Amino acid sequence: FFLKSRVLCHLFPFERFCSFLKNSDFFITNSCCVSTMPNQRLPKIEITYLRPHEMHFILTDTDVSVANTLRRIMIAEVPTIAIDLVEFHVNNTKLQDEYIAHRLGLIPIRYTGPSQDGSKGLAGEVGGGGPRGIDPVGPFVDHRECSCGDRCNRCSVDFHMDVNFEDYVRARGLALEEDGDGTGGGPGDAERLLPITITSRDLNSGEDHVQPAHFLSTEEHDESHDQGISIVKIGQGQRLKFHAVARLGIAKEHAKWCPVAVATYRFWPIVTINQEAISTLSMKQKQDLVDVCPDQILVLDEVTGEIREAENVHEIATFTEDLDVFQNSLKNRPEDDDFVKVVHADDTFLFYIESTGCMDAQEILLSAMRVLKNKLFSLSRDVFNLKENI
């Protein structure tokens, strides 16, 4: 079906709404809703920057309602996998069970197996491959929709951890001795007693294709001093053992299922420079006009005396009033034309997306569009049923 970018709604009684449906120009079928209204918009997306964990794109030929809808879906309604239940068997660390459980829930869980259509998923860390294009959570379903009644491999994934300080130090000391120069000298007693940082690397998954996303990118992996996301530190005589269950969910239920660290947009700026009016200003006034803008969206050519917009104006413009206030003070009459006018476009938006690591940024956008498509299909079906029952 086609998506109208703007829908004008009026509040009127239900009887008038039913009459409107009967006499409307909308042609509604079971599978689509096609509007015969003119000037229909077809939104477009142009990707300007793409990395596995970050994405910038320009959304055009639509309005702020659609842009905000897409943003909100990416934040709150894209399904992801996160640890939902934790059963502690032994925990004599400094942190309480609830604190550790909360930290476990915020660890991004990444599906790296084949999708429902059989195509290969992403491999390894974030950025290990291209988008699957079908489903970033694979064959998993919501546990409330599963027919198992409790837990099964279709709606949940088991994680285990059993870390003992003495065993960990013993294994670390043995590894250091094996990697040494053959003198037999292992770590000193002081090093053996230092606290150990337990990270997401110590989580053992019951499903090979479902693993924690230890780092956001290879650059972060190279710069990190830890082996993954820190959970808790344990010292001498301490042990942490638990069983955790990861499930499918959305951030509307809890923030731990949110796939994005950043999902925002800014309006595309339209900068109009009146060179004829600017030519009446002195060089000092022109420089002051350029300097007064806190975003530095203007550049002065000292040779020609012309003012032009900066190359990255669409990334830095914040539509402050400083420029308007100052240029009004330069006018001979209040009704004179502005030297520089900066307004935002109503149909163009610059999006910024950054993933938490549970899926690539491009997958987040595709999943959000899939959710929006399903919502619109459900709406068209309900409107069709309503019209049939009138």
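None of the values given here were measured: they were computed from a predicted structure.

### Some remarks on the packing of aromatic side chains
(1) Moving on: On inspection of all chains with the given rule, the structure shows seven aromatic pairs.
(2) Moving on: When the ring of F57 is compared with that of F351, the centres are 4.8 Å apart and the planes differ by 5°; the resulting orientation is stacked. Here F351 lies in strand β16 (residues 340-355) and F57 lies in strand β4 (residues 54-60), a separation of 294 residues in the sequence.
(3) Moving on: What makes F351 buried here is its relative accessible area of 0%.
(4) Moving on: On the basis of an interplanar angle of 35° and a centroid distance of 5.2 Å, the ring pair of Y265 and F351 is categorised as tilted. Note that Y265 is positioned in strand β13 (residues 260-273) and F351 in strand β16, a separation of 86 residues in sequence. This pair shows no difference in class: Y265 is buried, exactly as F351 is.
(5) Moving on: Among the aromatic residues, those joined into a cluster by ring pairs are F57, Y265, F267, F349 and F351.

### Regarding the environment of H243
(1) Moving on: The topology assignment puts H243 in strand β12 (residues 239-249).
(2) Moving on: With relative accessibility at 11%, the residue H243 sits in the buried group.
(3) Moving on: For the pair H243 and H160, spaced 83 residues apart in sequence, the C-alpha separation works out to 4.7 Å.
(4) Moving on: Separated by 3.3 Å, the side chains of H243 and D158 make a polar contact.

### Quick notes on the packing of helix α2 (residues 64-76) against helix α11 (residues 361-389)
(1) Moving on: Contact geometry of α2 with α11 gives a least axis separation of 9 Å together with a crossing angle of 110°. If you check the angle between α2 and α11, you find them roughly perpendicular. In the packing of α2 onto α11, the handedness of the crossing is right-handed. Each of T69, L70, I73 and M74 in α2 lies in contact with α11, whose residues at this interface are I364, L365, A368, M369, V371 and L372.
(2) Moving on: Each residue belonging to the contact of α2 with α11 can be placed in one class, and the counts come to nine nonpolar, one polar and no charged.

### Regarding the pattern of salt bridges
(1) Moving on: This structure, assessed with the given rule, holds 16 salt bridges.
(2) Moving on: Here R51 makes a salt bridge to E219, at a shortest N to O gap of 3.0 Å. With R51 in strand β3 (residues 44-51) and E219 in helix α6 (residues 218-223), this pair connects stretches of sequence that are 168 residues apart.
(3) Moving on: Connected through salt bridges with shared partners, the residues E77, K252 and K375 form a single ionic network.

### Remarks on the nonpolar core
(1) Moving on: Formed by 27 residues in total, the largest nonpolar core has its most connected members in I81, L104, F159, M161 and L203.
(2) Moving on: Contributing elements (two or more residues each) for this core: β5 (80-91), α3 (97-105), β6 (109-111), β7 (156-164), α4 (165-178), β8 (196-199), β11 (230-234) and β12.
(3) Moving on: In terms of residue count, the dominant contributor to this core is β12 (five residues).
(4) Moving on: Leaving out residues up to four positions away in the same chain, I81 has contacts with I109, Y111, V137, F140, A246, R247, L248 and W257.

### Let's talk about α11
(1) Moving on: With 29 residues, α11 extends 43 Å between its outermost C-alpha atoms, agreeing within 8% with the 42 Å of an ideal straight helix rising 1.5 Å per residue.
(2) Moving on: Residues of α11 that are buried include every one of A361, E363, I364, L365, S367, A368, V371, L372, S380 and F384, and no others.

Thresholds applied
- Residues numbered from 1 in each chain as written.
- Predicted model: local features only at pLDDT ≥ 70, side-chain atom pairs only at ≥ 80, totals over all residues.
- Heavy atoms only, no water.
- Phe/Tyr/Trp six-rings, centres within 6.5 Å; stacked < 30°, edge-to-face > 60°.
- Helix = DSSP H or I, 4+ residues; strand = E, 2+ residues; numbered from the N terminus.
- Buried < 20%, exposed > 50% of the residue type's maximum accessible area, 1.4 Å probe, protein only.
- Polar contact = N/O pair within 3.5 Å; in protein donor to acceptor, adjacent residues only side chain to side chain.
- Axes fitted to C-alpha atoms, helices over the stretch in contact; angles between N-to-C directions.
- Parallel < 35°, antiparallel > 145°, perpendicular 65-115°, else oblique.
- Left-handed = near helix turned anticlockwise from the far one by under 90°.
- Contact = heavy atoms within 4.5 Å.
- Nonpolar A, V, L, I, M, F, W, Y, C, P; charged D, E, K, R; others polar.
- Salt bridge = Lys/Arg side-chain N within 4 Å of Asp/Glu carboxyl O.
- Core = buried A, V, L, I, M, F, W, Y, C linked by side-chain atoms within 4.5 Å.
- Expected span 1.5 Å × (residues − 1).

Interpretation note: all reported values are geometric properties and have no functional meaning in isolation.
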